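So the chains spell out like this:
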Amino acid sequence: MGNAKAGWTADFIEPLRVPPGTKVRLAEDFDPGWSGDLRAKKDGQDLLARGVALMADCQQRLAAQETHGVVVVLQGIDAAGKDGMVRHVMSGMNPQGVGVSAFKVPSAEELRHDYLWRYAQRLPARGQIAIFNRSHYEEVLVVRVHPENLDRQRLPGDARRPGIWRRRYQEINNWERHLDRNGFRVVKLFLNLSKEEQRQRFLQRIERRDKNWKFSAADVSEREYWDDYQRAFSRMLSHTSTPWAPWYVIPADHKWFARISAAAVIAHTLTGIGSRYPEPDAQEQQRLQAARAGLEAEAPR
Ligand code: AMP
Ligand code: MG
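Residues numbered from 1 in each chain as written. Chains lettered and ligands numbered in written order. Predicted model: local features only at pLDDT ≥ 70, side-chain atom pairs only at ≥ 80, totals over all residues. Heavy atoms only, no water.

## Some thoughts on the pattern of salt bridges
A full pass over the atoms with the stated rule returns 20 salt bridges. Arginine 25 is the partner of aspartate 29 in a salt bridge, and the nearest nitrogen-oxygen pair spans 3.9 Å. Among the residues examined, aspartate 29 registers a relative accessible area of 36% and is labelled partly exposed. Of the charged contacts in the structure, one is a salt bridge between arginine 112 and glutamate 109, with a shortest N-O distance of 3.8 Å. Looking at glutamate 109, the relative accessible area reads 40%, which means it is partly exposed. When salt bridges that share partners are traced, they join Arg25, Glu28 and Asp29 into one network. (Salt bridge = Lys/Arg side-chain N within 4 Å of Asp/Glu carboxyl O. Buried < 20%, exposed > 50% of the residue type's maximum accessible area, 1.4 Å probe, protein only.)

Put into structure tokens, the structure is as follows:
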């Protein structure tokens, strides 16, 4: 079974997990450049392959059993590597069982609903994995850093009163607990990038023709809010890492290490679900045997 093979993932992800109830100060508690015992990309190739294979195997069982679903939340500042993460980590999965949603500035239609509505629309069905490239956590990140976003949400007076962020943490935690209790695991990956590495990546996006399309002038003006974002990240991690949906802080300065880490967390969650292929019951067995007899009788001489 998957679990014996999955042993390494538990040890690997332990230092990345935010223990529920702890107060996180991102800058002091997590190093964006960390890569454990691994020195270079080549040291990690084997682990990445194992993680991806494990995910693929578990995904098949998940799809066959159709009792559980998984939401993978990807958060991180601009250039943290969210898009690349979607491409690389998901490379081993069967596309039929995976959906990706990228959340942008909310539309007029979305703003006419409660703030969790648009995320709820993109939840997975049982047997499926949904990847959220940005997520409901933007509602306590960009919306907090730029309160004019909140003005656009047309909240009634008492929903805007002080304490709104604490209430949102609570509402998000409750929503995720509801999902977890009903068979939907929420896997939360925070890609932790350093300010210097962001600078380097922006420069690359400007210098390389094939990366120009990824750059927007807004990225640089957003960078001026770096400290506000770091504060909002720390608060989010402190208040919304729960026993049912803990946060994992993925060191993101080395893309290769970030990818192994993400694969390990996702594989660990999937093996934890322990999906099995459904066992045919006696009647089913009989039908299978009858079908076999019929097919064998058709064999060419
Ligand atoms: P990107 O992920 O780089 O394509 O950019 C998407 C943009 O949408 C980012 O600048 C986010 O800050 C913004 N965004 C995502 N969700 C929200 C939200 N709930 N409210 C306001 N802006 C958002
Ligand atoms: Mg961007």
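## Observations concerning the site of ligand 1
Near ligand 1 lie 13 residues; those nearest to it are Lys104, Val105, Arg118, Arg134 and Glu139. Between an oxygen atom of ligand 1 and a main-chain N or O atom of valine 105, the distance comes to 3.2 Å. Between a nitrogen atom of ligand 1 and a side-chain N or O atom of arginine 118, the distance comes to 3.1 Å. Bound to the protein, ligand 1 loses 76% of the 500 Å² it would expose on its own. Classifying every residue of the shell around ligand 1 gives 6 nonpolar, 1 polar and 6 charged. (Near = heavy atom within 4 Å. Polar contact = N/O pair within 3.5 Å; in protein donor to acceptor, adjacent residues only side chain to side chain. Areas by Shrake-Rupley, 256 points an atom, 1.4 Å probe, with all protein chains shown as cover. Nonpolar A, V, L, I, M, F, W, Y, C, P; charged D, E, K, R; others polar.)

## Some thoughts on the nonpolar core
Counting residues in each nonpolar core, the largest one holds 81 residues, and the members touching the most others are Met55, Leu189, Leu237, Ile266 and Leu270. Sort the elements by how many residues they give to this core and helix α14 (residues 255-273) lands first, with 12 residues. The residues contacting leucine 270, other than those within four sequence positions of it, are Met55, Cys58, Leu62, Val70 and Ile129. (Core = buried A, V, L, I, M, F, W, Y, C linked by side-chain atoms within 4.5 Å. Helix = DSSP H or I, 4+ residues; strand = E, 2+ residues; numbered from the N terminus. Contact = heavy atoms within 4.5 Å.)

Spatial relationships are all this shows, so hold off on functional conclusions.
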